[in-house]
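This is what each chain is made of:
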Amino acid sequence: MRRTLAVLAVTTLALTACAGGAGDSVGPGSLAGTYSLQTVNGKSPPVVIIEDAGYKLEVLSGTYTLNVDDSYSATASFRETEDGVVTPSSESETGHYSVHGSSVTFTDSDGFEIDATISGSTLTLVADGLTARYSRQP
């Protein structure tokens, strides 16, 4: 159960990192590119997002690929440690995004919607007590 909640929290981070900067109106094509996770709560990966009684979940990396056709894919890599046993894992998601002035709404393949913000090439997302910053790669 702890892992499921943690993966949901990080996947939420991975699924909600895109929008327009304050006062900017952008179209989906202008957001196209790959964005890589830079920090979670101000720390560079790997970052512990859950630690409790012999259990630890760390996020190792994350990326978004936004396409000009308004589709996206997101991935996140994790390291789970339980009672000293380390297990790597990853999660991925696909869906579509829409631009509304300076915000973007992501709709994943299950119909779940999430909003986020962008300033320049930095995407910032706040969800479930975590703040993730992604940077657009050249």
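Residues numbered from 1 in each chain as written. Predicted model: local features only at pLDDT ≥ 70, side-chain atom pairs only at ≥ 80, totals over all residues. Heavy atoms only, no water.

K.L.:
Run through the pairing of strand β1 (residues 33–40), naming residues and quoting values.
P.N.:
In this sheet, strand β3 (residues 55–66) lies alongside β1 in antiparallel orientation, the contact comprising four bridges. Looking across to β3, one finds that Gly-33 is bridged to Leu-66. Taken together, the five bridges between β1 and strand β9 (residues 130–136) define a ladder with antiparallel strand orientation. From the neighbouring strand, Val-40 faces β9, where its bridge partner is Ala-132. (Pairing = 2+ DSSP bridges. Helix = DSSP H or I, 4+ residues; strand = E, 2+ residues; numbered from the N terminus.)

K.L.:
Can you break down the nonpolar core residue by residue, with the values?
P.N.:
Counting 26 residues, the largest nonpolar core has Leu-31, Tyr-35 and Tyr-97 as its most contacted members. Mapped by element, the contributors of at least two residues to this core are β1, β2 (47–52), β3, β4 (71–82), β5 (85–100), β6 (103–108), β8 (122–127) and β9. Of the residues forming this core, the biggest block, five residues, is contributed by β3. For Tyr-35, the contacting residues outside a window of four places in its chain are Gly-62, Thr-63, Tyr-64, Leu-66, Ile-118, Ser-121, Leu-123, Tyr-134, Ser-135 and Arg-136. (Core = buried A, V, L, I, M, F, W, Y, C linked by side-chain atoms within 4.5 Å. Buried < 20%, exposed > 50% of the residue type's maximum accessible area, 1.4 Å probe, protein only. Contact = heavy atoms within 4.5 Å.)

K.L.:
Describe the environment of Asp-110, and please don't skip the residues or the numbers.
P.N.:
Mapped onto the fold, Asp-110 is located in the loop between β6 and β7 (113–119). For Asp-110, a relative accessible area of 68% translates into the label exposed. When the C-alpha atoms of Asp-110 and Glu-93 are compared, they prove to be 9.5 Å apart, with 17 residues separating the residues in sequence.

K.L.:
Requested: an account of the packing of aromatic side chains, with residues and values cited.
P.N.:
This structure, assessed with the given rule, holds four aromatic pairs. Residues Tyr-72 and Phe-106 carry aromatic rings whose centres are separated by 4.6 Å and whose planes lie at 85° to one another, so their mutual orientation is edge-to-face. With a gap of 34 residues between them, Tyr-72 in strand β4 and Phe-106 in strand β6 connect regions that are remote in the sequence. Just as Tyr-72 is buried, Phe-106 falls in that class too. (Phe/Tyr/Trp six-rings, centres within 6.5 Å; stacked < 30°, edge-to-face > 60°.)

K.L.:
Explain the pairing of β3 to me, and be specific about the residues and the numbers.
P.N.:
Sheet analysis places β2 next to β3, joined by five bridges and oriented antiparallel. Pairing of Val-47 across the sheet is with Val-59, part of β3. From the end of β2 to the start of β3, which pair antiparallel, there are two residues, and Ala-53 there has a positive phi angle of about 45°. Here β3 pairs with β4 via 11 bridges, running antiparallel. Considered in β4, the bridge of Gly-62 is made with Ala-76.

K.L.:
Can you lay out the confidence of the model for the protein for me, pointing to particular residues and giving the numbers?
P.N.:
The predicted coordinates should not be examined in detail at positions where pLDDT is low. Looking at the protein as a whole, the pLDDT averages 80, with 78% of positions reaching at least 70. The element-level mean pLDDT for the protein is lowest in helix α1 (residues 2–15), coming to 47, with β4 highest at 95. The low-confidence segment residues 14–26, where pLDDT is below 50, has 56 contacts with residues more than four positions distant or belonging to other chains. (pLDDT = per-residue confidence, 0-100.)

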